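Notes for the structure review
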Amino acid sequence: QLNADPYAALYDFATVGYLSVDAEALIVKGNLTAAIMLGVERRELMSASFSRFVFADDVAHFNYLRHRSFQPHETQTIELRLHPAEGDPFWARLEVITRRDPVDDALLWQIAISQIEAQKRAEQLMRRVNEELEERVVRRTHQLTRANRELLEEIGRRREAEAALREREETLDTRV
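Residue numbering note: each chain is counted from 1, following its sequence as written. This being a predicted model, a pLDDT of at least 70 is required before a residue's local features are given, and a value of 80 or more before pairs of side-chain atoms are given or counted; all residues contribute to the totals for chains, interfaces and linings. Hydrogens are left out, water is left out, and the side-chain values use all remaining heavy atoms of the structure.

This part takes up the side chain of D58. Put simply, DSSP marks the helices as runs of H or I at least four residues long and the strands as runs of E at least two long, and each gets a number from the N terminus on. Tracing the chain through its elements places D58 in the loop between α3 (42–45) and α4 (59–67). Take D58: its relative accessible area is 9%, and that puts it in the buried class. Here a polar contact is recorded for every N or O atom pair within 3.5 Å, except that within protein the pair must consist of a potential hydrogen donor and a potential acceptor, and residues adjacent in sequence are included only if both atoms are side-chain atoms. A polar side-chain atom of D58 sits 2.7 Å from the main-chain amide nitrogen of R81. The contact rule is simple, with two residues in contact once any of their heavy atoms fall within 4.5 Å. Leave out the neighbours within four places in its chain, and D58 touches L80 and R81. Summary of the burial criterion: residues with accessible area below 20% of their type's maximum are buried, those above 50% are exposed, and those between are partly exposed, where the area comes from a 1.4 Å probe applied to protein chains only.

In this analysis, rings of Phe, Tyr and Trp, with Trp reduced to its six-membered ring, are considered paired at centre separations within 6.5 Å, and the interplanar angle assigns stacked below 30 degrees, edge-to-face beyond 60, and tilted for intermediate values. The tally for this structure, following the rule as stated, stands at 3 aromatic pairs. Between the aromatic rings of F62 and W109, the centroid separation amounts to 6.0 Å while the plane-to-plane angle is 85°, which identifies the pairing as edge-to-face. Taken together, the residues span a long stretch of sequence, with F62 in helix α4 and W109 in strand β5 (residues 107–115) at a distance of 47 residues. Among the residues examined, W109 registers a relative accessible area of 2% and is labelled buried. A ring is scored as having a charge over it whenever the NZ atom of a lysine or the CZ atom of an arginine sits within 6 Å of its centre and within 35 degrees of its normal. In this structure, K29 is placed above the aromatic ring of Y11, and the distance from its NZ or CZ to the ring centre is 5.3 Å. Directly above the ring of W91 sits K120, whose terminal nitrogen or CZ lies 4.5 Å from the centroid.

On to the pairing of strand β1 (residues 17–22), then. DSSP calls a pair of strands paired once it identifies at least 2 bridges connecting them. Taken together, the 6 bridges between β1 and β5 define a ladder with antiparallel strand orientation. When the sheet's bridge partners are listed, L19 is paired in β5 with I111. Pairing of β1 with strand β2 (residues 27–30), which is carried by 3 bridges, proceeds in the antiparallel orientation. Across the sheet, S20 pairs through a bridge with K29, a residue of β2. The antiparallel hairpin formed by β1 and β2 contains 4 residues in its connecting segment, where A25 sits at a positive phi of about 70°.

Checked against the element boundaries, Q76 lands in strand β3 (residues 75–82). Excluding its chain neighbours within four sequence positions, the residues that come into contact with Q76 are L65, R68, L94, E95 and V96.

Let's shift gears to the nonpolar core. Only buried Ala, Val, Leu, Ile, Met, Phe, Trp, Tyr and Cys residues count toward a nonpolar core, and they belong to the same one when joined by side-chain atoms within 4.5 Å. Within the largest apolar cluster, 26 residues are counted, with the highest numbers of intra-cluster contacts made by L19, L45, F50, L82, L94 and I113. Breaking this core down by element, the ones donating at least two residues are β1, α2 (32–37), α4, β3, β4 (90–100) and β5. When residues in this core are grouped by element, the largest group, 4 residues, is from β4. Those residues within four positions of L82 in sequence are excluded, and the remaining contacts are L38, F50, F53, V54, F55, P89, F90, A92, L94 and I113.

Here we come to the environment of V54. Within the element layout of this structure, V54 appears in the loop between α3 and α4. Once the C-alpha coordinates of V54 and H83 are considered, the two residues, 29 residues apart in sequence, prove to be 5.7 Å apart. Once residues lying within four places of it in the same chain are set aside, the contact partners of V54 are V59, F62, L80, R81 and L82.

Now for unusual backbone geometry. In this structure, A25 takes a positive phi of about 70° despite not being glycine. Even without a glycine there, the phi angle at D105 is positive, about 65°. Positionally, D105 belongs in the loop between β4 and β5.

In structure tokens form, the structure reads like this:
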């Protein structure tokens, strides 16, 4: 039998997790991908607090976003770590749009969750490489500054020696 809603499979098996969350951060709807990402059965998502899945160090950041005024059709993006019920925390990008629920006119967040672990690892690697390069530049600058100072000192010593030599030659010329 054909599914009455041909888009249901697209929603459930998308590569992105989709959630609808109310103003109290309770999940009112979610796709199968979101349930898998958050490490729970799909039925466990309903009425669960989304905050429960936010990594402890990122809860304040999430709450700041959550307590901003809800405006219909407002879109926000946030990157934070989610901590599934089973498994290790992972970096996620949340694309959040505020909509009105057609049933009771309440404001809902519709959230698209994308895993961005690879991006965060690449950013971390780039930061580390930049730090190493900056350290090399500082070391090389010190080396060049020291070499330049030594060269200037050597030039000064040679000028003094040349001046002393000229003075001696002048003294010898006057004696002869």
